[in-house]
Every structure is written in structure tokens, then in C-alpha cells.
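Here is how the chains run, residue by residue.
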Amino acid sequence: MKFGVVVFPGSNCDADVKHVLQDVVNQDTRFVWHKDPLPRALDCVVLPGGFSYGDYLRTGAIARFSPVMEGVMEFAAQGGLVLGICNGFQVLTEAGLLPGALMVNKNLKFMCKPVYLRVEHNGTPFTNALNAGDVIEVPIAHGEGNYFADPEVLEEIERNNQVVFRYCTREGVVNAQANPNGSVNNIAGLINKEGNVLGMMPHPERCSEEVIGRVDGIKVFQSIINWWQGRK
Amino acid sequence: MEPTVWRSMGLRDDEYLRIKELLGREPNYVELGIFAVMWSEHCSYKTSKPVLRKFPTQGRQVIQGPGENAGVVDIGDGQAVVFKIESHNHPSAIEPFQGAATGVGGIVRDVFTMGARPIAILDSLRFGDLDNNRTKYLFSGVVSGISWYGNCLGIPTVGGEVFFDKSYEGNPLVNAMCIGLVDQDKLAKGAAAGIGNPVMAVGARTGRDGIHGATFASAELTEASEESRPSVQVGDPFMEKLLLEACLEIISEDLVVGMQDMGAAGLTSSSSEMAARAKTGLEIDVSLVPVRETGMTPYEIMLSESQERMLLVPKKGTEDRVQEIFEKWGLKAVKVGRVIEERVLRIKEGENVVAEIPVQALVDESPVCHYKVVEPLDRENLKLDLDAIPEPADYNQVLKSLLSSPTIASKEWVYEQYDHGVGINTVVYPGSDAAVMRIKGTSKGVAASTDCNGRYCYLDPYEGGKIAVAEAARNVVCSGAVPLAITNCLNFGNPEKEEVFWQFNKCIEGMSEACRRLNTPVTGGNVSFYNESPQGAVHPTPVVGMVGLIADIDNRLTQAFKTAGSKVLLLGETKGELGGSEYLYYIHKLTAGTPPGLDLNTEQRLHRVVLEAAEKGLLLSAHDCSEGGLAVALAESVITGSLGVKVKLPQFDGRLDALLFGEDQSRIIVSLSEDMMPELMEVINRHSIPYHVLGEVTEDGFLVLTASGSEVINLSTGEITNIWREEIRCRMS
Amino acid sequence: MYLARVFVALKKGVLDPQGETIKRSLASMDFPGVEEVRVGKVIELKLDAVSEDHVRTQIEQMCKKLLANPVIEEYSFEIMEV
């Protein structure tokens, strides 16, 4: 399977995602420079974490206008798989590929710690290796992960089952205490209506190797590969 | 020239005369400004130089010792670790957020100018007691600043320390350490070699910020200092990230002869130091330097401390390719001069020469101050009379209280704000004795720790200096790594005061002895004097940044107890030394006594035991006994392991508080499964290290300590976890 | 030459954690009666343009496209000749 990891100026999890895709799940993975057109023949595009353009103005706001994004929009429109992690999620909402916006954390601080996520449904290309209701442990590392959408949009998101991951307790209970950043409805990861563009604040690439001490994230990448193999 | 001119720049009258003599004429204003920063304590080390020579700097592992942008040690397989620590105390006292942020920026540049990709940041921070709003403001601002800058760069902040003591109240210490990884054949140097090679300014444009920052760092903080705010530079981590990527790219294409950060004293120090190292000269035209503001004078351009700038000497003929790479990253690389044979720093503005100074006059001929080392006579007030201190009635209460001391309490509130996972190399997270980073593609890991107990150094600078090195080594050993070398950040008061200079001398002598015995040479660092406030000098605080190597990261260790039923041993001897302890400071409001003694021979044997046991896979955990002594160390292993422990304390004749909270050195608590005991005993006996079997890790979640048959502490892990984990968060919200 | 000053703030109804924090601090510093605090940003632009109307249209578009995020933010601006 061919993965492209987009590199914006200020991306800093690009090499991490590439490492996991290339060296852990052994897939053909290349960087795509933000000024270059999106190469043809990619099967999945990853927008990695980091601080594209220093997070200046708003997170993801400037990166969204990078030349490569035109190709990413087109790729997504044709049903190509797009995964936005952390800053990548922010870029996706700014670009309008996903609804809502990500605001500053409710405690105003950057937060780096493992959190628990409840898998809301596994009928997506990104979660088919998991079960609905599974609780996975994935680290977050962001200052602006507070997901917001106005009530009508939120209702639609929920109605369409677009919420893929919710912050929860170790036992899988979704409550305010388990919500690290103030996101509405504890939303940690969200898919588009068409089901091919996923944005998530937590970092699956940071928990995909035994040596790092956490392995739940690998299932997101395995899901993508499963889905693609099933389609071939 | 009026004496007020050079005096206002921080030059003494005799120094001015020496400048005249070296030039053979009167300096002009620009030249005087250049001398003033280059001869400031911050750049010239004029006071510390003779003392720093005492440090051992040689070793088989050392590839680059002091004198370069950063130290370099060999970690095998053609790889090397580049590391250095630096202070940003005064800027952080004035503007904590930007002060700390630019401190991180500076040290990271020192590492990547060597061609290394930064893989970790550690921060060693000291503040006054965490009970007034000013301290909270400084603490919060410094942590946010580090978080903002380091996170944006995508370099994980994996460790360090935070220590609270009223001596730091008016003058916090902010020391940042960066570690990078490089293939030895890609190592770059800060030398402007090759006559005729171009000199380029790269990165941010030059503005008026931070002019005379180096001089600012070489004077005491006064109440008027807050008015000098314009000296504080503003950081741009995004610019630095681009600069980092662009610089590593030109190094990987082998286009670079030398490069250096325009840090303290900006263009002036980078150009003269690069020329000095290569025994060449430089000619620079300031009218070519990209500026941010209009009407900047040569004086301002030469002395500006605008952040995120580098001076670069590429190979002749590669300028276009260098520019192309910088443009790819959205940056400018501008040719501003060239390397010349004549060993002068010649500054031109267009065709006019505005300054011309022999390089040696700036770098090698800088004045050296030989202050006398005078031992202060009256240290009576530091004597400890234990009989005047009542023994506590309720030890549960005392332990809970100590666990809530901000120096001991969990620093989760701090490191949760730092991205410590980016890079996916961190295999021991913050909160254990040392952080460990894996080296991808190998089985190796690099461990790092920063340490110093300023209270010990205040009470006995020689022993305190020794302990700083030994503790840093011990922490690295507790992660299963062999200590390799150190960098240090020497934070002291005004060296013109006899007592301060004596402290400085003694600390360095103590550190040197420990470095020699533990085979951890000094590879560089930074001296920060004049850490004073109206209340007086800070405690002498020579912070040690230690790096170590683990051959196989599968053998790494953390402090947390792992499984119920495992045996708990205390390696080392318990003497019950309370002098300088956190217990005396926090519970009895006393800074007194003699700090615990340290025998380097014992220390070394202790390290061998733990390392050998770790390598054989005998151990489940290892934790150094430090602030708060044995009781606190046990509590920490219990809390981080979410388990309990049942312990019989060693037989002890003295006071119970001394047994529980004494900070005796050279002690490590280890846990292991029972079947490994015989093998561990063999190792212990072979190295003849005293030990005591403390007891067993329990499932029940209680910390139970008994002394001479009676229970002295019985607390639930849940309760102490809450106290320990929430204290700083509570105080800061 | 024109100077445009663009004000961007969170829309009414969107929780503003910075504003809330400042409000609490002000209260604890004994400034009574502060009912609401909203934090926004000011963006100053210097533009060379033929007319104020032209500047107005341009700024309007800049705000819609980049300077503000309509999902959470609202904007206003003022223009002066300099």
C-alpha cells in the first residue's frame, strides 16, 4: 500500500508517522512536500502532527492554503483515504474537509499525556481492526484540541455516526472527568460523512511499538491496510 | 573618549587602557562596544577561566571537549551524542515566558550547529518557595515558555528538575540542556576556515532586540532591572524549526565549513570566535546584513541579540545551493562577508571600515581576573544542633507533609505541558530517575539526568559539588545506563564577593574529583555569575547534566515497583545524615548542618553493582535515595508502581527522623523477583557493597514501615498518591 | 496608504476559556463588577490601494478566507487613511 505523509513547514510528527508506516507495518511510504503536487497513485494521505506555520493565526489556518492541499481535497473528493492526526486534524477542519473547529484547551495549557478513547464504531477504514466499545490508550499532545461545532452541526455529526473516538475513563465511561480539553461530546476523532477522511487529536503513531510501552495505536494503521487489502 | 562611555558598557578603566594598548590607538564607539561584550564575563569567562581549568576534560569517550558549540561523546557504531547545558536566568527573571523560551532556542541551536539532530531537551529550574504569587508567576511563565518553544520545535522535553528554595526567590535559575544525535562523519564545527570562503547570515533578520544582553547577564539584578525589559528578546520557534531543518540539510549535503549560532553578543561573538578557532580573520559588511528595522547602525547590527540567526561559512562556490535550500524552507541566506588571512575582525559599512580589531585581542587577550580564594570564617550560623529539634510524634503526618513539598512532589503539572513523546524515542518518560531515549535502528539508548542540590553546595561547596556529579551519575545508573560525560551550568552569585568566589572554587574542585573518579569528563557548559537579588546571592548551584549509554534498552530500569511479591533491597549504607536535608528545610525551616558525606569509591562500586545486575536482567526497578531520604524514595516507588510495600527498616541507633529522612548518599533501592536473589547477592558481595533487605512489594496498596519491631509509617498508596501528585497542580490553579 | 485594523473574537455563545480565566483573576484582584471578558486579536494591515472601498472589499475577503474562522469566530474592522 502506498502512503504519502505531507510535510508542511513546522510539521514535526511527519518522521514519526513515516517510521511507523515504513518500519513497523512495512508499507511503502514517502514524504510529500507541501509545495509539491500530490503524487498520483497514493492509497492514503496522512497529514501529520506538529505546528504547521508555527500555529500562527490559528492552528492549521495557513497550512490549509499550501499548494499540496488542492490535491488532497481532490484526492478526498474521489474517495481517497485521508488521516489527519493532531495538527493534521486542525488542517482538515480549516480546509472544510471535516466539520467544526479546534479551539484552545479549556485549561489553556498544552497537554501531553496518555488518554483513554472509546471506539464508537468499527465500520470505518480506520477502525476495522478494533471493536465498537473497545477502550484504547493513546497519547495526546496539543494545546488546541478542544473540539467545537455548533449545535445543529453537532446533531448532524452524531446522527450520522461520524464520531469515531471519544475521550473516556479507563472503564470506557464517557464523562466530563475523562475529557482532557473541553471537546463537545468528548469528541476525540471524527470522520466525514463519506467515511474516507478521519481527523483525530490523539497520536496513534506514538503508541504503535512495544518498546514505547503502548501499542494500541497500531490498530488504526492496521485497519487502513486491512481495508485497502479487502478492496483490492 | 569620556570614561562614562566605557563604564556604561560595563568596561573597567584598566580594561579600557588595555584595549588602547592592544589596538595601538583609541577605539571608536563600535570597537568599544565589541570589546565590551567580548570581554564581558558572559563571553570571556574572565573570572572563571582559571578555575575551570581544574575540570578533567579527557577520556576515551570524548570526541569534543570544551571550546566548541557543544560537547560530543562517542556512543559506538560511528554515532555520537552532542550535548550542552546553558543558563537563561536573568532574561527569565525579567520576562519568564520569553526568557525561558529563548533559552531553549539558544541551546538547541548550539546542538544542531554541530550537525546533530536534537533528540531531547531537559530543563533544570529553581525558584523561591512556591507560596507567593511572584514565584508562581515566574514558575508558570517559565514552564509555558519552555513548552511553547520546545513543543513547536518538535523536540521532546524529557526531563530535568525543579527545586524550590527561598534563596532563589529574587533570581530564579533556568538552565536548559539539549541532546542531539549525529553520525560522527557528519560532525560540523564552529570554525571559519578556508581563506576566501564566503560568510553568510542565515535565519531571522536582525533587529534592535537584546543589545548588550551579554553585559546584562554579567551584572546583578536590581529593582531597576525590570525597567531594562528591552534587553529581552522574543523567540520564534517556527523560524527555529525551519532553520534547524535547513541547517541539517546543508550539512547532510556537505556544503558547510563551519557555523555558529549568533547567541549572546550576536554577530560579534560568532564572527570572532569562528575566526579564532580557525586562526583566520573575517571581513563583514554590515550593510548586507538583513535587518528588521530601518536606520540600524553598525554598532546595533554587531551587538543585536535577535534570536534564530546563524553565521555560516559554506564551501566556496556552494552559495547558490545553500540559498536554494534555505529558500525551500522559506528562509534567506545572505552573503555578508568573507574569510580573510589577516587575523582581524574587519567590519565595513559599504566601503567604509567602521571597526578593525585583531581577533586575538577579542578572544585570547581578554582580561583574566584572579580573585583570591578566601574561606569565610564565620559559618557558625550554619551549624546544626539536632537536640534543639524535637522528634516528630506522628511520622505519617511528616511523610505526607514532605511528599507535598514542591521540591519532592510530582512534577506532572510541569511535564504534562511539555511534549515528551514527539520523535517516538522516549522509552523512559519524565518522572523516573533519568529519561531514556532509544536510538532507532539499534538496540542502544541514551539516558540523561540533570542534578544539583544547591543547599548542599551552600553548606559545603566541595561536598556539594561532588554530590551533584555523583547523584547525576547515580540517576543515570538507576536507568541501567553507563554514565559517559557531563556538561555543567555553574550558577553562582557575584564572584567579586570573596565568599562567592570561594564557593565557586570549592564546587569545581569537588565536581572535578567526582568526574575523575567516575570517569565522566566535562565536555563543556556555561558559567552564570551575578545571580543575586536584593536578598543576596543564590545558593551556589553547579547543575550537572549527565548523559549515559545503555547497550540494550531492553535492560532499562525505572523507579516504579513492578510486581507484588518482589523483594526490595537497599544498596548502600544508612548513616542518618540530616544536614542540608529537605526534611530540615521544609518541616523545620532550617538550612543547616553538614551535607551528607560521599565516598567516591563506594559510589563507584555501587554503580557497578546496579549496572551489572541490570545487564544480567536481575532487577525490576532501581531508585536513588535523594531529597526526603529513604522514606520518600520508597513512597515514590510505591506511588509510581501503584502497589504497596512492607518494609523493615535497617537497625539504627540514632533518631528515627534521621533514619527515615536522612539523605545519606550512595544508596539505591532495587526490587527483584526472589529467584534472582542469589545472583544479585553474588554481585553485591563481589563488589563488597553494604546492603539491607528491606522487605517485599505488596498487592494491598499500603506503605508500611517498621523500625525495631514497631510500625512507624502506615499509609495507603491512594492517599499519598493524591498528595504527591496533586500538590503542585493545586498550588498553581 | 491605508491602515486597516481587523478585530477577531470568538462568536457569542462559544466558550472563551481565556476570557473566563481573566475574569476570575480580575475578581480575585478585587475588581468587582466585571460581567464578561472576551479575548480576541487585533490584526493591523498597511495597504496600498486606490480607494477605501477597494480596501474594504479586500479586507472582507481576507477575513472570510484566512483571518477569521467563521465556525468559531466573528470579525469586524476599521479602515483609516495614513
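Check the entry above for the structure.
Scope of this entry: the structure provided in the associated data block. No experiment lies behind these values; they were computed from the predicted model shown.

Cut-offs and rules
Residues numbered from 1 in each chain as written. Chains lettered and ligands numbered in written order. Predicted model: local features only at pLDDT ≥ 70, side-chain atom pairs only at ≥ 80, totals over all residues. Helix = DSSP H or I, 4+ residues; strand = E, 2+ residues; numbered from the N terminus. Buried ≥ 20, exposed ≤ 12 C-beta atoms within 10 Å, placed from the backbone. Contact = placed C-beta atoms within 7 Å. Pairing = 2+ DSSP bridges. Axes fitted to C-alpha atoms, helices over the stretch in contact; angles between N-to-C directions. Nonpolar A, V, L, I, M, F, W, Y, C, P; charged D, E, K, R; others polar. Core = buried A, V, L, I, M, F, W, Y, C linked by C-beta atoms within 7 Å. Expected span 1.5 Å × (residues − 1). Left-handed = near helix turned anticlockwise from the far one by under 90°.

**Re the overall build of chain B**
Of regular secondary structure, chain B possesses 25 helices and 28 strands. Reported as C-alpha extents along the three principal axes, the dimensions of chain B are approximately 85 × 55 × 45 Å. Each of the 733 residues in chain B was classed as buried or not, and the buried ones make up 62%.

**Structural notes on the arrangement of the chains**
By number of contacts, the leading pair among the two pairs of chains in contact is chains A and B. Regarding chain B and chain C, which are not in contact, the minimum distance between any of their C-alpha atoms is 10 Å.

**Section: the sheet that holds strand β3 (residues 44-47) of chain A**
Residues and elements named next belong to chain A. Strand order across the open sheet formed by nine strands is β2-β1-β3-β4-β11-β10-β9-β6-β7, with mixed pairing between neighbours. On the outer flanks of this sheet lie β2 (28-33) and β7 (135-142), each paired with one strand and no other. Each strand axis lies, on average, 25° off the axis of its neighbour in the sheet, ignoring direction.

**Considering the interface of chain A and chain C**
Interface size is commonly expressed as the accessible surface area that is lost when the partners come together. Between chain A and chain C, the contact holds ten residues from the first and eight residues from the second. Looking at the side of chain A that touches chain C residue by residue, the classes come out as six nonpolar, one polar and three charged.

**Quick notes on unusual backbone geometry**
Residues and elements named next belong to chain B. Located in the positive-phi region is K589, a residue other than glycine, with phi close to 55°. Looking at the secondary structure, you find K589 in the loop between α20 (582-588) and α21 (600-615). Look at K589 and you get exposed, because 8 C-beta atoms sit within 10 Å. A positive phi angle is found at S688, which is not glycine, with a value near 35°. C-beta crowding within 10 Å serves as the criterion here: with 9 such atoms nearby, S688 is assigned to the exposed category.

**Remarks on the nonpolar core**
If you look at the biggest cluster of nonpolar residues, it comprises 323 residues, and the most contacted ones within it are V469 and V610 of chain B. Here the element with the most residues in this core is helix α10 (residues 237-252) of chain B; it accounts for ten residues. Excluding its chain neighbours within four sequence positions, the residues that come into contact with V469 of chain B are I486, M511, A514, C515, L518, T520 and V544 of chain B. Counting residues in hydrophobic clusters, the runner-up holds eight residues, among them V55, I59, A68 and Y75 of chain C.

**A few points about the interface of chain A and chain B**
Taken together, the contact pairs 22 residues of chain A with 23 residues of chain B. Sorting the residues of the side of chain A that touches chain B by element identifies α1 (14-24), β6 (111-119) and β7 of chain A as the ones contributing at least two each. Per-element tally for the side of chain A that touches chain B: the top contributor is β6 of chain A, with three residues. When grouped by side-chain class, the residues that make up the side of chain A that touches chain B number twelve nonpolar, five polar and five charged.

**Focus on the environment of G71 of chain B**
All names here are of chain B. Relative to the elements of secondary structure, G71 occurs in strand β2 (residues 71-74). Residue G71 is classed as buried on the basis of its 31 C-beta neighbours within 10 Å. Non-local contacts of G71, meaning those with residues more than four positions away in its chain, are made with Q64, G65, F83, K84, A485, T487, T523 and G524.

**Here we look at the sheet that holds strand β21 (residues 541-550) of chain B**
Residue and element names in this part refer to chain B. Across the sheet, six strands lie side by side as β14-β15-β16-β21-β17-β18; this open sheet has mixed pairing. The two strands at the open ends of the sheet, each matched to only one other strand, are β14 (426-428) and β18 (522-528). Sheet twist, expressed as the mean angle between neighbouring strand axes with direction ignored, is 25°. In this sheet, strand β16 (residues 445-451) lies alongside strand β15 (residues 435-438) in antiparallel orientation, the contact comprising four bridges. Counterpart to V436 in the pairing with β16 is A447.

**A look at α21 of chain B**
It helps to recall that an α-helix has 3.6 residues per turn; residues three or four apart then point in one direction. Residue and element names in this part refer to chain B. When the terminal C-alpha atoms of α21 are compared, their 22 Å separation across 16 residues agrees well with the 22 Å that a helix rising 1.5 Å per residue should span. Taken together, the buried positions of α21 are occupied by T602, E603, L606, H607, V609, V610, L611, A613 and A614. Remark: G617 follows α21 within two positions and exhibits a positive phi of approximately 70°.

**Things to note about the environment of G281 of chain B**
With respect to the helices and strands, G281 of chain B occurs in strand β9 (residues 281-285). Spatially, the C-alpha atom of G281 of chain B lies 34 Å from that of G545 of chain B, the residues being 264 residues apart in sequence.

**Overview of the packing of α10 of chain B against helix α13 (residues 319-328) of chain B**
Residue and element names in this part refer to chain B. In the contact formed by α10 and α13, the axes pass within 9 Å of each other and the chain directions differ by 150°. In this structure, the crossing between α10 and α13 has a hand that is right-handed. Counted together, A246, E249 and I250 of α10 and V322, I325 and F326 of α13 form the full contact between these two elements. By residue class, the composition of the contact of α10 with α13 is five nonpolar, no polar and one charged.

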